[in-house]
Amino acid sequence: MPVATHSIGAAGSITGASCAARLRRLVAAACAALALAACADMEAKERASSLETSSNAYAAALRWGQYQEAARFRLPRSGPVTMPDVEPLEHIKLTSYEVTDQTMNADATEARMEVVIGYYHDDIGRVDTLKQSQVWWYEPTQKHWFLETELPPFLRHYTRRR
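Here goes a summary of the coordinates provided. The shown structure was predicted, so the numbers you read here are calculated from the model rather than taken from an experiment.

1. A look at the nonpolar core
Judged by nonpolar contacts, the single largest core of 26 residues is most densely connected at Y58, Y67, L94, Y97, W136 and F154. The set of elements that each furnish at least two residues to this core consists of α1 (16–63), α2 (67–71), β1 (92–104), β2 (110–121), β3 (127–139) and β4 (144–147). Each residue touching Y97, except ones within four places of it in the same chain, is listed here: Y58, A59, L62, R63, V115, V116, I117 and Q134.

Okay, structure coming up:
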């Protein structure tokens, strides 16, 4: 097949070789952009999976009454880190923990979860329910999700409904 060749004309038109080089650079740039987008998408999916793992581990710690372990998921973005007094919670037993809604920002660095928790105080035996809005945030250096929200207010919720 004959190859078309172009030459530079009086007006400075582009040669066929120059046009091909530009086309190669354009294709390479488009491929690089697609690769970056794919990497960003993969990273966001990995963060979403990591959030699910963290939130499930947090829920399991609450369900098993391991409140000290659950408190380790808590890390405010600013301010001091204080461990709550979990001793009063040793009488709280969970009957259910359900995530009813979850949203994540576009770059997968913050998530909001709405949860409904069924629980009872073992001295009382009455099952109560509370709803909690949780804010989770991703710390890129540690590659870990942390809960900004306090532990569920089981005792405050219980005393209000008494």
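There is more to say after this.
2. Focus: the packing of aromatic side chains
Aromatic ring pairs: the centre-centre distance and the angle between the two ring planes describe each pair. Under the definition given, this model contains seven aromatic pairs. A ring pair is formed by Y58 and F73, whose centres lie 5.9 Å apart and whose planes are at 75°; its orientation type is edge-to-face. Residue Y58 is located in helix α1, and its partner F73 is located in the loop between α2 and β1; the two are separated by 15 residues in the primary sequence. The pair formed by Y58 and F73 is uniform in burial state, with each residue classed as buried. Ring geometry for Y67 versus F154: centroids 6.2 Å apart, planes at 65°, classification edge-to-face. Note that Y67 is positioned in helix α2 and F154 in helix α3 (residues 154–161), a separation of 87 residues in sequence. Each of the two residues, Y67 as well as F154, counts as buried. One aromatic cluster is present, formed by Y58, F73 and W136 through successive ring pairs.

About the criteria used
Residues numbered from 1 in each chain as written. Predicted model: local features only at pLDDT ≥ 70, side-chain atom pairs only at ≥ 80, totals over all residues. Heavy atoms only, no water. Core = buried A, V, L, I, M, F, W, Y, C linked by side-chain atoms within 4.5 Å. Buried < 20%, exposed > 50% of the residue type's maximum accessible area, 1.4 Å probe, protein only. Helix = DSSP H or I, 4+ residues; strand = E, 2+ residues; numbered from the N terminus. Contact = heavy atoms within 4.5 Å. Phe/Tyr/Trp six-rings, centres within 6.5 Å; stacked < 30°, edge-to-face > 60°.

Bear in mind that shape data such as this cannot, by itself, settle questions of function.
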